[in-house]
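Working through the structure, step by step
Listed here are the chains, written in short residue letters.
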Amino acid sequence: MTMVDAPARPNEPLAAYAALPPPPPSIDRNMAQADAPAVDQGRSYGGLRWGGKLRLTNGVATLDGASGGGLAGWAVIAGRETVEGIGGSAHLTFAELPDYNWQSHGAAIGLFNRLELSYARQNLDLIDVGAALGLGRSYVLNQDVFGAKLRLFGDAVYGEPWVPQLSAGVQYKNNLDEAVTRFVGAKSSDGTDFYLAATKILLAQSTLVNATLRYTKANQLGLLGFGGDRSDDRSVQFEGSVGYMLSRNLVLGAEYRTKPDNLGIAEENDWLDIYAAWSFGDHITFTAAYVDLGTIAIADEQRGALLSLQAAF
């Protein structure tokens, strides 16, 4: 995640940035005045400015591939770019649970801090659960997630503290194991999520707050298909995040994500995590989290560790 040079020492809270004047306005006269101002830092090529965001303000990759926290989607746009540039990120995520192993990887592009396009491949290793279900030990469920997110108004960092950045997003999820999704009772092997996210970073308080509403019928993010015998309708689910920035390089926080419970054979619980994200320079972020994912399919008490590495430009 990105930042500008400031007089604060590396270990001081980000509240030190609150005393800084806002960066100069964008030189692109075609941009709306409500757009976040560009930061006078970074290099320019062909009229585009590369970099400019404060570190730890463009989020990390969620399990769905969009920018946000580990579990919850945020309104921020991928990459280090401002309204004058193009940026992007790539991530690799692992989660080790008592009865499953999770791995996902993907990339996202941010266009002028306005539009995000993302892709993620999700892989869930069933280990012994696969054998119990007759699929074979270490059977892996696979899913592709294609996403788009549009910043509607506001800025997560600048502007009035009571006006958040608001973004709308859509994710098309294609499960590659249709036979398994049908076996557990899902109505479909593909589906589309819609969400609305609001994010604000209060520099004076070194605090991040996020709330997201998701309209979905995905079972375990779609890895167990979409809809089921209990319900085949989308429902509104909540994703929330809070974070405290101990320094410009470190943020601690927690997240909570509610989920639909559509399958009679596979109870589904809400998710939560406690996370720490470290920024190593302007381009690399490492996230470690304790996650409680509750019951997944026939295995309950799925608590473990999540590790994620992201590179951004």
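Check the entry above for the structure.
So, a few notes on the structure that sits alongside this text. (Residues numbered from 1 in each chain as written. Predicted model: local features only at pLDDT ≥ 70, side-chain atom pairs only at ≥ 80, totals over all residues. Heavy atoms only, no water.)

**Some thoughts on the packing of aromatic side chains**
Let me state the cut-off plainly: A pair of aromatic rings is counted whenever rings of Phe, Tyr or Trp (Trp by its six-membered ring) have centres within 6.5 Å, and the orientation is called stacked for planes under 30 degrees apart, edge-to-face for over 60 and tilted otherwise. Here a strand is any run of E in DSSP of at least two residues, a helix any run of H or I of at least four, and the numbering for each starts at the N terminus.
With the rule as written, the count across this model stands at 2 aromatic pairs. Between Tyr119 and Phe146, the aromatic rings sit 5.2 Å apart at their centres with planes inclined by 45°, giving tilted as the arrangement. Taken together, the residues Tyr119 in strand β7 (residues 115-125) and Phe146 in strand β8 (residues 140-153) connect sequence positions 27 residues apart. Centroid distance Trp278 to Phe286: 6.0 Å. Interplanar angle 25°. Geometry classified as stacked.

**Side note on unusual backbone geometry**
For clarity, the cut-off: Buried, partly exposed and exposed residues are distinguished by accessible area as a fraction of the type maximum, computed with a 1.4 Å probe on protein chains only: under 20%, between the cut-offs, and over 50%, respectively.
Within the chain, Asn113 stands out as a residue other than glycine whose phi angle is a positive 55°. As for its position among the elements, Asn113 is in the loop between β6 (101-111) and β7. You can call Asn113 buried: its relative accessible area is 6%.

**Things to note about the sheet that holds β8**
Selection criterion: DSSP calls a pair of strands paired once it identifies at least 2 bridges connecting them. Angles shown run from 0 to 180 degrees and are taken between the N-to-C directions of axes, each axis being a line fitted to C-alpha atoms and, for helices, limited to the stretch in contact.
What the 12 strands build is a closed barrel, ordered β5-β6-β7-β8-β9-β10-β11-β12-β13-β14-β15-β16; its pairing is antiparallel. In this sheet, neighbouring strand axes are inclined to one another by 20° on average, regardless of whether the strands run parallel or antiparallel.

**Some remarks on the environment of Gly136**
Test applied: Here a residue-residue contact requires only that any non-hydrogen atoms of the pair lie within 4.5 Å.
When you line up the elements, Gly136 lands in the loop between α1 (127-132) and β8. On the accessibility criterion, Gly136 (30% relative accessible area) is partly exposed. Along the backbone, Gly136 and Leu126 are 10 residues apart, and their C-alpha atoms lie at a distance of 8.9 Å. Apart from residues lying up to four places away in sequence, Gly136 is in contact with Ile127, Gly130 and Ala131.

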